[in-house]
Amino acid sequence: MMLLKILRPADIPNRKTNWGYRVRFYHWLLLRLLPVYRKSAISDTLNLGETQIIHNVRDYWYEQELQRFHIDTAQHLEQQNAPYNLKRKYRRSSLFSWSESLLIFHNGKSYNIKRFDNYTIETELEGKLKGSCAKDFILRSEFVAKVAKPQGSSANEETLTIAHPDNERKNPTRQRVFVKDNIPSSPHNVEPMAEMVKYQGFEENNVF
């Protein structure tokens, strides 16, 4: 990779016919390294509702050089069925300057773990972060985010608690009051009951 940075041309003519020997050789080197890079680079994305998780192992400088020469770096994804098994040897080549990151987006805020020359954790989320001390035999991190409760969550929890069968046996009076208070009165249901009482065998007797 150091050789590429030394040979890197500052300017690239728009027409290939105007490329000099140095530019052509540099372009040839980029293409020769591409199959090796494909066996090592990783980009995984997981979308879970409002949460997005991205894991990358990439050499961003090399990818930028590919884009300068308009070499295809776009995504080409196909629908697959799980479990997905691809027989492919993974080998992280030492020819590239790898940067590994785990990036999480949740409600517009990010949590980013970067491993390159340094080990860095950056976050916009509120919470508690723990990291390994010198006694830990591997490098660990743990983050517990503060999740805001949605509005009306207390009312929903109360409703679920009251409607639970165990609570119904323990406090049946409260359960009956809760159901009664939430059933809307309907004039269509009351009117037939009044007619049944009025005409129940006493139509010809004015005393009743």
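Residues numbered from 1 in each chain as written. Predicted model: local features only at pLDDT ≥ 70, side-chain atom pairs only at ≥ 80, totals over all residues. Heavy atoms only, no water.

1. As for the pattern of salt bridges
All chains considered together, the criterion is met by 6 salt bridges. A salt bridge links Glu 65 to Arg 68, with the shortest nitrogen-to-oxygen separation between them at 2.9 Å. Taken together, the positions of Glu 65 and Arg 68, both in helix H3 (residues 60-68) and 3 residues apart, correspond to about one turn of that helix. Taking relative accessible area as the criterion, Glu 65 reaches 1% and is therefore assigned buried. The salt bridge partner of Glu 122 is Lys 114, with a shortest N-O separation of 3.6 Å. With a relative accessible area of 39%, Glu 122 lands in the partly exposed category. Here Lys 114 falls in the partly exposed class, since its relative accessible area comes to 32%. What you see here is one network of salt bridges that share partners, running through Arg 8, Glu 65 and Arg 68. (Salt bridge = Lys/Arg side-chain N within 4 Å of Asp/Glu carboxyl O. Helix = DSSP H or I, 4+ residues; strand = E, 2+ residues; numbered from the N terminus. Buried < 20%, exposed > 50% of the residue type's maximum accessible area, 1.4 Å probe, protein only.)

2. Description of the pairing of strand S3 (residues 99-106)
Here 8 bridges tie strand S2 (residues 51-58) to S3, and the two strands are oriented antiparallel to one another. Considered in S3, the bridge of Gln 52 is made with Phe 105. In the sheet, S3 pairs with strand S4 (residues 109-115) via 7 bridges, with the strands oriented antiparallel. If you follow Leu 103 over to S4, its bridge partner there is Asn 112. (Pairing = 2+ DSSP bridges.)

3. Regarding the confidence of the model for the protein chain
Across the protein chain, pLDDT averages 77, with 71% of residues at or above 70. The secondary-structure element of the protein chain with the lowest mean pLDDT is helix H4 (residues 153-163), recorded at 40, while H3 shows the highest, at 95. Segment residues 204-208: pLDDT under 50, and 1 contact once partners within four positions in sequence are set aside and those in other chains are kept. (pLDDT = per-residue confidence, 0-100. Contact = heavy atoms within 4.5 Å.)

4. So, the sheet that holds S2
Pairing is antiparallel across the open sheet formed by 5 strands, whose spatial order is S1-S2-S3-S4-S5. Each of the sheet's edge strands pairs with one partner strand only, and the pair in question is strand S1 (42-48) and strand S5 (119-123). Going from strand to strand, the sheet's axes swing by 5 degrees on average, the running direction of each strand aside. (Axes fitted to C-alpha atoms, helices over the stretch in contact; angles between N-to-C directions.)

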